[in-house]
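What follows is the residue order along each chain.
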Amino acid sequence: MKLFVSDGNPHCVKVIAVLEFTGVKCDVKHVNHEERVVPYLSRPALPALLLPSGTHLFSPNSICQYLIELNGQESSDIVNQWLEWEATELQPAVMQALHMVVLQGKGAETPRVLQGPLSYLDQSLSQRTTLFLTAEMVSVADVVLWAALYPILSDSSLVSGNQTLQLWFERVGMLAACVSAAQTVLQGKGLKAESLKTYLQRQPTTHHGQGQVQGRGTQPCNSPEGGDDDDCVLSEEEIQSAAVTWGKGLADLPMVPERQHPILPQEGKRNVLVTSALPYVNNVPHLGNIIGCVLSADVFARYGRLRGWNVLYVCGTDEYGTATENKAREEGLTAQQICDKYHAVHASIYQWFQVDFDFFGRTTTKKQTEIAQNIFWRLHERGFLLEDIVEQLRCEACQRFLADRFVEGTCPFCSYPEARGDQCDKCGKLINAVELREPTCKVCSQTPVVQSSKHLFLDLPKLEAELEQWLERSTGSGDWTANAKQITRSWVRDGLKPRCITRDLKWGTPVPHPDFSDKVFYVWFDAPIGYLSITANYTDQWEKWWKNPQQVELYNFMAKDNVPFHSVVFPCSLLGAQDNYTLVNHLVATEYLNYEDTKFSKSRGVGVFGDMAKDTGIPSDVWRFYLLYLRPEGQDSAFSWVDMATKNNSELLNNLGNFINRAGMFVSKFFESCVPAMALQQEDKRLLAQVGWELKQYINLMDRVKIRDALKCILNISRHGNQYIQVNEPWKKIKGDETDRQRSGTVTGVSVNVACLLSVMLQPYMPTVSHTIRQQLNAPPSVTGTLLQGTGNFVCSLPAGHHIGTVSPLFQKLESEQIESLKKRFGGQQPKTTAQPDVNAQPATTPASGLAAQTAVNGADAERARELTLAVAEQGEKVRTLKGQKAEKTVIGAEVTKLLELKKQLSLAEGKDPEPVLTKGKKNAQPATTPASDPAAQTAVNGADSERARELTLAVAEQGEKVRTLKGQKAEKTVIGAEVTKLLELKKQLSLAEGKDPEPVLTKGKKNAQPATTPASDPAAQTAVNGADSERARELTLAVAEQGEKVRTLKGQKAEKTVIGAEVTKLLELKKQLSLAEGKDPEPGLTKGKKK
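Bear in mind that the values here come from a model prediction, so they are computed numbers and not experimental data.

Participant: I would appreciate a short explanation of unusual backbone geometry in the present structure.
Facilitator: With the exception of glycine, the majority of residues adopt a negative phi angle, and the majority of peptide bonds are in the trans configuration. In this model, Leu 46 is joined to Pro 47 through a cis peptide bond whose omega is 0 degrees. Mapped onto the fold, Pro 47 is located in the loop between β2 (27–30) and β3 (48–50). Geometrically, the link from His 261 to Pro 262 is a cis peptide bond, its omega value of -5 degrees lying close to zero. Take Pro 262: it is sitting in the loop between α9 (236–246) and β7 (271–276). Not every positive phi belongs to a glycine, and Val 705 is a case in point at roughly 60 degrees. Mapping Val 705 onto the fold places it in the loop between α23 (682–703) and α24 (707–728). On the basis of relative accessibility, which here comes to 5%, the residue Val 705 falls in the buried class. Although it is not a glycine, Glu 729 adopts a positive phi angle of roughly 50 degrees. Mapping Glu 729 onto the fold places it in the loop between α24 and α25 (730–733). The exposure class assigned to Glu 729 is buried, which follows from its relative accessible area of 13%.

Laid out in structure tokens, this is it:
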């Protein structure tokens, strides 16, 4: 574990203090304020804790809670409440006070800013009979609050009064942990520390004060980014207005009618058509797929219905294409049977996640064929289709043309090594599969060949001008996410090219043209038409939605990789058809959701997939909440079991659930389940205004599809509610005189009405919890259709005299043992056990020329090898990323060990000897009896020792890794030089073991053999013919290795694409020079795929 802190950062005082207090062992590294320690964040976030798993925590209080649990302690509810109060109430006020004192010289004004939270803390301490906040002994809550207040209270001239608070501050400050933390971060100087001023000068000015609705305070791990909503100071007029609205009641508000199918556009209504990207039928969706399209769209559709919009939400499975054919072959079923099977799987998963489609259909229907062929003919008749000869990749091993997604290779634009046959996930550019360098078939890993075939193209250049005019209107008036705009702009900026719309497949929508009757439509022409055909299967009046742009607003939800096809290709198809089609008004695209520190992988058992979530015992509403809490709106995010437990236990259990349960229990316990009379005071009206403001922010954000940020408003309201209850203490006042009992009734009545509002705001996010709250409160049905109308109406929906139902807890704590078990369960299956080959087997019994036979002898498992090859690649990338982040050596070492173990298992799966060291030094071949025509035997003639070569190959790889690590750590040149010398010596020994000349430099530049007499099978002689320069090659080999390391480091640091691109260009140039120095063709890609 490593804790990153910066000098002068007051947030770091608390984490250092808690680290010292708990005694947890952890390396502490001081970095500057601007350093981006957490690679996937767009801004610096300190303090940050790097966990052994590679996950980062970057909320100070989350780090503190993690350290507490790591020390074997368990946070009590009261400790958690104080930590929540510190983050949301105290910390914003302290930060504003620090800005005023240190940067603005307004020390005299700080008491006004701090009066509220300090008075509350002083009052709470005064009412306790213990020396500290929670007990007679100091707790983590004391340490955290002390650390937050240290810069301010260390200067007694700033704050007067609050004697109990001052005494408590002095007692806690005597702890060695607190003294050490103050000295480490602020040099023990408090406000006078120069480092504090330097830190504050780099931070935005914060605002906080009485009657003010504050924002996040500190941002927890995986929390919503700050929205556009700045802190709001409520005026007296706004407070009184909130009280007037409250008094209106439900009777004064319009009702939203129940849904009646079929839903059709209506005059005078806002008609909203919602689609989510059609999931491929042959894949079981994982959490990233679910949040990327169907769940996000579901939340927005539910919200739209609450707003009174006329909403239709359609989706379905995309069922045509090669992927389906392959899946059918794997499972021994027909393509249609596979579609039927997995369509039911998808429907079941979405039903469990409570995704409320109006209709969930599929693309293998007559309507799909009818509508797709109609659009095709309209494009053909209007001259928007072209014919051309296409070079396609065909896999001879699989005996089929390869669909784009079944080809992988190196991107011709940015050299990303895992680009797909249709698009590069890194640079986002469209690719024709034949343009890929070093393509491989993803089914069998063989190299495909290029064959020609006649196809039809959509003439995108001919439609480009019309597309640009439409894009300008749509992106200007609609809510397109930033990534959707950026991706679309890059496509149009680079110039559109004709796009092939047909494929040489069997399973698909048939092309109706007689010259192309043996082909089907390409999936990215055909699949988006599925939105239309699915709607047509829902209602025969589908054209009222899809050919009605004047009345209908279309929202498309998807992940970012689907953007070009929805913003360019599909709109061009509809524009070219010239049939008044409804085009997308709002394109909402997410970034990617990863799993812990890697990618989801069904084959390797990594990550939670839709059909597994319900087996965890965690309710679907909690899954929905957490996925929406970390929805990757502005950047990639990562699912984390630890973080999920933290959010469940803090946000749901201790914040939201705690408030709603307390409000209901007070009504049940103190007022016989009958809402008491409410006599509003100024404090109550202020709460109404705060809640009303958060409601307006919620509506503003949700209207703009800021789903994750809007969730923050719900949690803010429950925090306000908890604070309101805590300050007013109705459980005490109910025992007092008549005035106190009346005050208890008012606080209870207002609180239970806030809970009722929360039940409605929660409905799009957690439908079952929302329904349960309304049941417990016996809320009138009309609340769901009235409170979110217009700009929001926080009215008294549960008036005095209203009887509530039985109140019970809404959430359960996720225990650490349960989370650890789930984390282990979904962290990846142990690789299959493969019988280890007999190292003493005689190779003479295996045909030297038969690779397949050799594989069979050694017990190879081709499918397992493919899985492990991917695992090795991912683990290697993880190791490089950790090195780029300069992670702890123990962390890197653990991951390297995993990598070596995976490589060992890969050797077994490939039928190789995973432990060559066992037979070290033995030579099993007799050179004298080896025919010269056998390459393997020729090696033996040249004095090769194949087993020794294998050992040295591993040694060279390990030493190379050591050199790269030292370079990544910026070690001294002398140290690196010594290790490079060892590396070169190992390479020399490897050359000897392989029967090669270890010192070709002696004959540098000379050509000792005539080309005509050089055997083609002798690589060394052939190199000489081609004019190789071995000394130059060695220099360039080192240069390529260094530049490659530089590129990997930049990628690990998530550097800008332009920076990485420049370094990749340098790397490619070095590789080209190396090829020349080795006597190879530096541009093999130019003749790639040609047949002799």
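Structure's up, so let's keep going.
Participant: Just checking my understanding: could you explain the packing of α24 against helix α26 (residues 738–762) for this structure?
Facilitator: One way to put it is that α24 packs onto α26 with a least axis distance of 10 Å and a crossing angle of 170 degrees. By the criterion of interaxial angle, the relationship of α24 to α26 is roughly antiparallel. The residues of α26 that touch α24, namely those facing Ile 714, Ile 717, Ser 718, Tyr 724, Ile 725 and Asn 728, are Arg 743, Thr 746, Val 747, Val 750, Ser 751, Val 754, Leu 758, Met 761 and Leu 762. Per-class residue counts for the contact of α24 with α26 are 10 nonpolar, 4 polar and 1 charged.

Participant: How should I be thinking about the side chain of Arg 631 in this particular structure?
Facilitator: Mapped onto the fold, Arg 631 is located in the loop between α21 (620–629) and β22 (637–639). Its relative accessible area of 2% is what places Arg 631 among the buried residues. Beyond its immediate chain neighbours, meaning those up to four positions away, Arg 631 contacts Ile 291, Ser 296, Phe 557, Val 588, Thr 590, Ser 637, Val 705, Ile 707 and Arg 708.

Participant: Just checking my understanding: could you explain the sheet that holds strand β13 (residues 419–420) for this structure?
Facilitator: Strand order in this open sheet of 3 strands is β13-β12-β14, and the pairing throughout is antiparallel. Two strands lie at the open edges of the sheet, namely β13 and β14 (437–441), each paired on one side alone. Relative to β13, strand β12 (residues 407–410) is paired through 2 bridges, and the arrangement is antiparallel. Counterpart to Gly 409 in the pairing with β13 is Ala 419.

Participant: Any chance you could explain the pattern of salt bridges here in plain terms?
Facilitator: Oppositely charged side chains may form a pair once their charged atoms are brought near each other. Applying the stated criterion across every chain, the model contains 36 salt bridges. A salt bridge links Glu 979 to Lys 982; the shortest N-O distance between them is 3.5 Å. A residue pair is termed a helical-turn pair when its members lie 3 or 4 positions apart in one helix, as Glu 979 and Lys 982 do in helix α34 (residues 973–993) at 3 residues. Classification of Lys 982 by relative accessible area gives partly exposed; the value is 44%. It is possible to trace a salt-bridge network through shared partners that takes in Arg 259, Arg 305, Asp 356 and Asp 358.

Participant: Could you clarify how one ought to interpret the sheet that holds strand β4 (residues 56–57) in this entry?
Facilitator: Pairing within the open sheet is mixed, and its 4 strands lie in the order β2-β1-β3-β4. Each of the sheet's edge strands pairs with one partner strand only, and the pair in question is β2 and β4.

What counts, and where the lines are drawn
Residues numbered from 1 in each chain as written. Predicted model: local features only at pLDDT ≥ 70, side-chain atom pairs only at ≥ 80, totals over all residues. Heavy atoms only, no water. Helix = DSSP H or I, 4+ residues; strand = E, 2+ residues; numbered from the N terminus. Buried < 20%, exposed > 50% of the residue type's maximum accessible area, 1.4 Å probe, protein only. Axes fitted to C-alpha atoms, helices over the stretch in contact; angles between N-to-C directions. Parallel < 35°, antiparallel > 145°, perpendicular 65-115°, else oblique. Contact = heavy atoms within 4.5 Å. Nonpolar A, V, L, I, M, F, W, Y, C, P; charged D, E, K, R; others polar. Pairing = 2+ DSSP bridges. Salt bridge = Lys/Arg side-chain N within 4 Å of Asp/Glu carboxyl O.

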